[in-house]
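Here is what each chain is made of, one letter per residue.
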Amino acid sequence: MTTPAKQANKRGTARLAAVQALYQMDVAHTDINEVIGAFQVFWMGREVEGETYLPADHQFFRDIVQGVMREQQRVDVAVDTILADDWPLKRIEAVLRAVLRAGCYELFERPDIPAKVIIAEYVDVADAFVDREEVGMANAVLDRIAKRVRPAEMGEAPKA
């Protein structure tokens, strides 16, 4: 039986891989099936160019990547609603855009995972790729989305 800590670590690794896959799809216009296959076969749990990639929850990884693509319009509208009018999602750096999309997707579609866990995990992922100011922005945007879609969980009164 998998312990909760090991499962959590595999989910964290899956989130990191999902953000990298979404980034690759966005920047290189890689096909979703190609990128999912490549990450599962060549990256997750393997050594690549001297770097060892931790094992990941493959099903969770697929859920995030496929879910973001399936719900991209809804996710993008939600993120754009939070961002300043003069700085829409399409102007955000690609890796940060991937972090926001993946985090927003989980907040919408994974009520089995606490919102604060989702936010913390994606802030950690962002911290691996972007500067402190952008990490803060990711935290603020995901927090505001969580307050809108999970108000009770976030200690907020439901919006009328």
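Residues numbered from 1 in each chain as written. Predicted model: local features only at pLDDT ≥ 70, side-chain atom pairs only at ≥ 80, totals over all residues. Heavy atoms only, no water.

K.L.:
Looking at this model, I keep getting lost on the pattern of salt bridges. Mind explaining?
P.N.:
Opposite charge on two side chains permits them to pair, given that their charged atoms come into close proximity. Evaluated as defined, the whole model comprises 12 salt bridges. Close ionic contact of Glu121 with Arg15 constitutes a salt bridge, the shortest N to O distance being 3.6 Å. Of this pair, Glu121 sits in helix α6 (residues 115–129) while Arg15 sits in helix α1 (residues 4–28), and the two are 106 residues apart along the sequence. In this structure, Arg110 engages Asp112 in a salt bridge whose closest nitrogen and oxygen atoms are separated by 2.8 Å. Arg110 gets classed as buried once you look at its relative accessible area, which sits at 15%. (Salt bridge = Lys/Arg side-chain N within 4 Å of Asp/Glu carboxyl O. Helix = DSSP H or I, 4+ residues; strand = E, 2+ residues; numbered from the N terminus. Buried < 20%, exposed > 50% of the residue type's maximum accessible area, 1.4 Å probe, protein only.)

K.L.:
Even after reading the chapter, I still don't get the side chain of Arg15, so can you show me in this structure?
P.N.:
Residue classification places Arg15 among the buried positions, given a relative accessible area of 2%. When sequence neighbours within four positions are dropped, the list of residues in contact with Arg15 reads Phe60, Ile64, Glu106, Ile113, Ile118, Glu121, Tyr122 and Val125. (Contact = heavy atoms within 4.5 Å.)

K.L.:
Help me understand helix α7 (residues 132–149), please; the structure alone is not making it clear to me.
P.N.:
In an α-helix, one turn spans 3.6 residues, which is why side chains three or four residues apart end up on the same side. Its 18 residues give α7 an end-to-end C-alpha distance of 26 Å, which sits within 8% of 26 Å, the value for a rise of 1.5 Å per residue. Inspection of α7 places Val135, Ala138, Val141, Leu142, Ile145 and Ala146 among the buried residues, and these make up the whole buried set. Across the axial projection of α7, the buried residues extend over an arc of 135°, all falling on one side. For α7, exposure combined with an orientation more than 90 degrees from the buried face picks out Arg132 and Glu133. Sitting at the amino-terminal end of α7 is Asp131, which places a side-chain oxygen 3.1 Å from the backbone nitrogen of Glu133. (Expected span 1.5 Å × (residues − 1). Arc of directions from axis to C-beta. Polar contact = N/O pair within 3.5 Å; in protein donor to acceptor, adjacent residues only side chain to side chain.)

K.L.:
Sorry, what's going on with the nonpolar core here?
P.N.:
If you look at soluble globular proteins, the nonpolar side chains tend to sit buried side by side. Of all hydrophobic cores here, the largest spans 49 residues; its most connected members are Val19, Phe61, Val65, Val79, Leu100 and Tyr122. At the level of elements, α1, α2 (32–43), α3 (58–70), α4 (72–82), α5 (94–109), α6 and α7 are the ones that each hand at least two residues to this core. If you tally residues by element for this core, the top one is α5, at 10 residues. (Core = buried A, V, L, I, M, F, W, Y, C linked by side-chain atoms within 4.5 Å.)

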